[in-house]
Amino acid sequence: MNPITMNLGRTVLMGLAAVLAACGGPDPTPAKPAALEAVALSDHQVRLSWPAAAYARTYEIERSTAKGVYELLAQGTDTTYVDGTASPDQRYSYRVRALNRGGASGWAESGEVITLPKPTPRAHLEGLFGPKRDWPLVATHGVLLPDGTLMSWYSQDTIGNHRDNTDPIYHTNTRVDLWNPRTLEHRAADNNTTDLLCVGHVVLSDGRLFAAGGNLGATNGSDHTNYYDPARGAWTPGPVMAGGRWYPTLTLLPNKEVLIIGGSDAQGKDNPVPEVLQSDGTLRLLSNARTDTWDLNHWYPWMFVTPMGKVFHAGSTNRLRFLEPSGQGAWDEGYPRDGKNRWYGSAVMYQPGKILVIGGGGPDATTTLLDVSVYGEPTVTPGPPMAYGRTHFDATLLADGRVFVNGGNDGEKFSDEATVYDSEIWDPKANAWTLGATAQVPRNYHSTALLLPDGTVWTAGGGGCGEGCTVNHLNYEIYYPPYLFEPDGSGSSRYARRPSLTGAPRTLAYDQRFTLQSPDAPSIASVSLVALGAATHGFNMNQRFLELPITDRGAGTLQVTTPANPNLAPPGFYLLFILDKRGVPSVGEIVQLE
């Protein structure tokens, strides 16, 4: 039904109710509120909102704790309410019903919400890790999907009992979890054809997840590819590759195709020929771009789309090379980076054409800055060192463009010895690291991390070495970055009031001027796009950050311009944030750039 017609009908019904009341007649039974949304604002506040219900005179709100007993919280005529009596880090459920003289409606329920943890005195400087919470599997692979859910998996079982067994019966399916960060609900989304451990994965321009490769035991790679469609909630097989791939990297290209490179084949040997998933769903071999003639590390190589449209190899080995992915492919001659083999380190493109290379190599605290904004020999500059050397860590772009690094150890697999619990944050504007908050759980080999739509970072996993292994971490922690806090004036911290993004287009074109709605528009300093993450083994194959120019503003609107072309931001799905003059971000909206 047309929304205008629906609103007009609702107005007529409400008006009729008022007439009946004025005449002294009985009220019709009120309608049940259509939905109830509960959002934690801080460690003691939860905002409730619901649409107006027909024939409602007042509303009654109840709250329950984890024990499940509801108690009256408030009554009133508004369709919003802020519960300011909550306690830190507690689970609550809410329900609301409409009342009038004719009776009461049924209850609309919110589902569970968890209040935020109590800020530490230095939260505005270091951020804060929330409490450790259970997770249904060792989350080694993590992807944020366009519907806002987080998909994670390990292997056929939750902890890798048969990870290295080469018997095919152990590699025909995968336990996959889907988690809604707003409702905290988990549901299964298992794959019934492939062991997806050690695949490469990326969110396609149409919103589907594409995964290539998989595990056949030991270091043997599957030739399978798979699609997951969030709209249908279903996996489907993709085209079979020319060879198996275990530890490949996938890169979304400006023309919506996907580069598949690296990995080891069904015999555990390096797969030397890249492939491209084409727009028609077929695969094309890059037979002129073989990778067995130079020192490419075939296990999750760090590949990035550059502003010229070529793909750039940044590591982990020392050789820097540009790849032309069209046709049968071609590499340029290559250049040295920093003389280091940074195995199990990481790299992040923090601005178009600018890459931060971090740690690795068992372990290393040094960093290197690369500028590949123009074609030719990259500009290579030593970066500032971290406070700690790290290998097997995660590196995540934040909503403001800073890089958050957590976890890591001395390079030993399946070991929590020498764990680095302190996180660090790199600021590209200052070109400096600062110490972040301290985690409670080791996040080393087989851990992962993703930026969530609310601007926090999900950190999870580590281990996956079967029964009897002491480093299987079936849990997660949420990291709350410093931009979510402010000094409270007494030497401590409190949650900052966040700017509100009330309207954003669902789809955006390139070089387009578009409008955002926000009651905080006069105080907004920047607008950012962050590609949805797809991370595993210390490398996020999908993330990238862009700041969008604000060209004009009104009392409640912002005029913003999208990237000029897909070389700067390949077509796909992005988190869009507005940030105020204090650097505090809104909750992100997921938009499609096409």
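Computed from a predicted model, the values in this text were never measured in an experiment.

Colleague: How would you explain the overall build of the protein chain if you had to name every residue and give the values?
Modeller: When helices and strands are counted, the protein chain shows two helices and 50 strands. By the compact-globule yardstick of 25 Å for 594 residues, the protein chain fits well, its C-alpha radius of gyration being 25 Å. In the protein chain, which comprises 594 residues, the proportion classed as buried is 58%. Intrachain contacts of the protein chain at a sequence separation of at least 6 include 58% that bridge at least 24 residues. Carbon and sulfur atoms provide 50% of the accessible area of the protein chain, an area that totals close to 22,600 Å². Taken together, the 46 basic and 59 acidic charged side chains of the protein chain have centroids lying 5 Å from each other.

Colleague: Any details on the sheet that holds strand β33 (residues 403-409)? Residues and values, ideally.
Modeller: Reading across from one edge, β32-β33-β34-β35 is the order of the four strands in this open sheet, with antiparallel pairing throughout. In the strand order of this sheet, the two ends are held by β32 (391-397) and β35 (432-438), each with one partner. Direction aside, the axes of adjacent strands within the sheet are offset by 25° on average. When β32 meets β33, the two strands line up antiparallel, connected through six bridges.

Colleague: How would you summarise the pattern of salt bridges if you had to cite specific residues and measurements?
Modeller: Following the criterion strictly, the structure yields 26 salt bridges and no others. The residue D206 makes a salt bridge to R208 at a minimum N-O spacing of 2.9 Å. By relative accessible area, R208 is classed as partly exposed at 26%.

Colleague: Report on the packing of aromatic side chains, specifying residues and quantitative values.
Modeller: This structure, assessed with the given rule, holds 25 aromatic pairs. An angle of 50° between the planes, with centres 6.3 Å apart, marks the rings of F129 and F404 as tilted. Of this pair, F129 sits in strand β9 (residues 128-129) while F404 is found in strand β33, placing the two residues 275 residues apart along the sequence. Note that R95 overlies the ring of W107, its terminal NZ or CZ placed 4.2 Å from the centroid. The ring of Y227 has R208 lying over it, and the distance from NZ or CZ to the ring centre is 4.3 Å.

Colleague: Describe unusual backbone geometry, listing the residues and the values that go with them.
Modeller: Omega for the peptide link from G315 to S316 comes to 20°, which places this bond in the cis form. Within the element layout of this structure, S316 appears in the loop between β24 (311-315) and β25 (319-324). Here G362 and P363 are connected by a cis peptide whose omega angle stands at -20°. Position of P363 among the secondary structure elements: in the loop between β29 (354-358) and β30 (367-371). The residue F414 is not glycine, and still its phi comes out positive at about 50°. Structurally, F414 is set in the loop between β33 and β34 (422-427). You can call F414 partly exposed: its relative accessible area is 26%. The backbone of D511 shows a phi angle near 50°, a positive value even though the residue is not glycine.

Colleague: Tell me about the environment of L259, and name the residues and values.
Modeller: Note on placement: L259 falls in strand β20 (residues 258-264). Residues L259 and V311 lie 52 residues apart in sequence; the distance between their C-alpha atoms is 8.9 Å. Apart from the residues lying within four places of it in its own chain, the contact partners of L259 are T249, L250, T251, L253, P274, E275, V276, L286, M303, V311 and L323.

Colleague: Got a sec to walk through the state of the cysteines? Specific residues and values, please.
Modeller: The final tally for this structure, using the stated rule, is one disulfide. The disulfide partner of C465 is C469, and the gap between their sulfur atoms is 1.8 Å. Among the residues examined, C465 registers a relative accessible area of 22% and is labelled partly exposed. On the basis of relative accessibility, which here comes to 23%, the residue C469 falls in the partly exposed class.

Colleague: Describe in detail empty space enclosed by the protein, supporting the description with residues and values.
Modeller: In this approach a probe as big as a water molecule rolls over the atoms, and the regions it shows empty are the leftover space. Applying the stated rule across the entire model yields five cavities of 30 Å³ or more. Its boundaries defined by the atoms lining it, the largest cavity holds a volume of some 180 Å³. Lining the largest cavity are 19 residues; nearest its centre among them are L252, M541, N542, Q543 and R544. Elements that contribute at least two residues to the lining of the largest cavity include exactly β19 (246-252), β23 (302-305), β45 (539-540) and β49 (572-580).

Colleague: Help me get a handle on the sheet that holds β45, residues and values and all.
Modeller: What the six strands build is an open sheet, ordered β14-β13-β12-β11-β44-β45; its pairing is antiparallel. Only two strands of the sheet have a single neighbouring strand rather than two, namely β14 (186-188) and β45. Here three bridges tie strand β11 (residues 141-144) to strand β44 (residues 534-536), and the two strands are oriented antiparallel to one another. Counterpart to V143 in the pairing with β44 is A534.

Colleague: Now, about the layout of surface pockets: what can you tell me, with residues and values included?
Modeller: Volume-wise, the second largest pocket comes out at about 470 Å³. Forming the walls of the second largest pocket are 27 residues, and the residues nearest its centre are D400, K429, S526, F545 and E547. Those elements giving two or more residues to the lining of the second largest pocket turn out to be β28 (346-351), β43 (524-531), β46 (545-548) and β49. In terms of residue count, the dominant contributor to the lining of the second largest pocket is β46 (four residues). Broken down by class, the residue content of the lining of the second largest pocket amounts to 13 nonpolar, seven polar and seven charged.

Colleague: Could you give an account of the pairing of strand β48 (residues 557-561), with specific residues and numbers?
Modeller: Among the five residues of β48, four are classified as buried, and the element is accordingly described as predominantly covered. Where strand β42 (residues 513-517) lies against β48, five bridges are found, and the strand directions are antiparallel. From the neighbouring strand, L516 faces β48, where its bridge partner is L558. Here strand β47 (residues 550-553) runs beside β48; their pairing, made up of three bridges, is antiparallel. In the sheet register, I550 faces β48, and the bridge partner there is V560. Hairpin connection between β47 and β48: a loop of three residues separates the two successive antiparallel strands.

Colleague: So, the nonpolar core: which residues are in play, and what are the values?
Modeller: Within the largest apolar cluster, 73 residues are counted, with the highest numbers of intra-cluster contacts made by W179, I358, V403 and W458. Judged by nonpolar contacts, the second largest core, of 36 residues, contains V138, Y227, Y335 and V357.

Colleague: Residues and numbers for the side chain of D177, please.
Modeller: Inspection of the secondary structure puts D177 in strand β13 (residues 176-179). It is R175 that comes nearest to the buried, bridge-free D177 among opposite-charge side chains, at 7.8 Å. Apart from the residues within four sequence positions on either side, D177 is in contact with W135, P136, L137, L150, M151, S152, H186 and R187.

Cut-offs applied
- Residues numbered from 1 in each chain as written.
- Predicted model: local features only at pLDDT ≥ 70, side-chain atom pairs only at ≥ 80, totals over all residues.
- Heavy atoms only, no water.
- Helix = DSSP H or I, 4+ residues; strand = E, 2+ residues; numbered from the N terminus.
- Rg over C-alpha atoms; globule rule 2.2 N^0.38 Å.
- Buried < 20%, exposed > 50% of the residue type's maximum accessible area, 1.4 Å probe, protein only.
- Contact = heavy atoms within 4.5 Å.
- Areas by Shrake-Rupley, 256 points an atom, 1.4 Å probe, with all protein chains shown as cover.
- Lys, Arg positive; Asp, Glu negative; His and termini not counted.
- Charge placed at Lys NZ, Arg CZ, Asp CG, Glu CD.
- Pairing = 2+ DSSP bridges.
- Axes fitted to C-alpha atoms, helices over the stretch in contact; angles between N-to-C directions.
- Salt bridge = Lys/Arg side-chain N within 4 Å of Asp/Glu carboxyl O.
- Phe/Tyr/Trp six-rings, centres within 6.5 Å; stacked < 30°, edge-to-face > 60°.
- Lys NZ or Arg CZ within 6 Å of the ring centre and 35° of its normal.
- Disulfide = S-S within 2.5 Å.
- 1 Å grid on protein atoms, 1.4 Å probe; cavity = no way out; pocket = protein on both sides within 12 Å on 5 of 7 lines; lining within 4 Å.
- Points joined across faces, edges and corners; volume = space filled by probe spheres on them.
- Nonpolar A, V, L, I, M, F, W, Y, C, P; charged D, E, K, R; others polar.
- Core = buried A, V, L, I, M, F, W, Y, C linked by side-chain atoms within 4.5 Å.

Function cannot be read off these values alone, since they describe shape.
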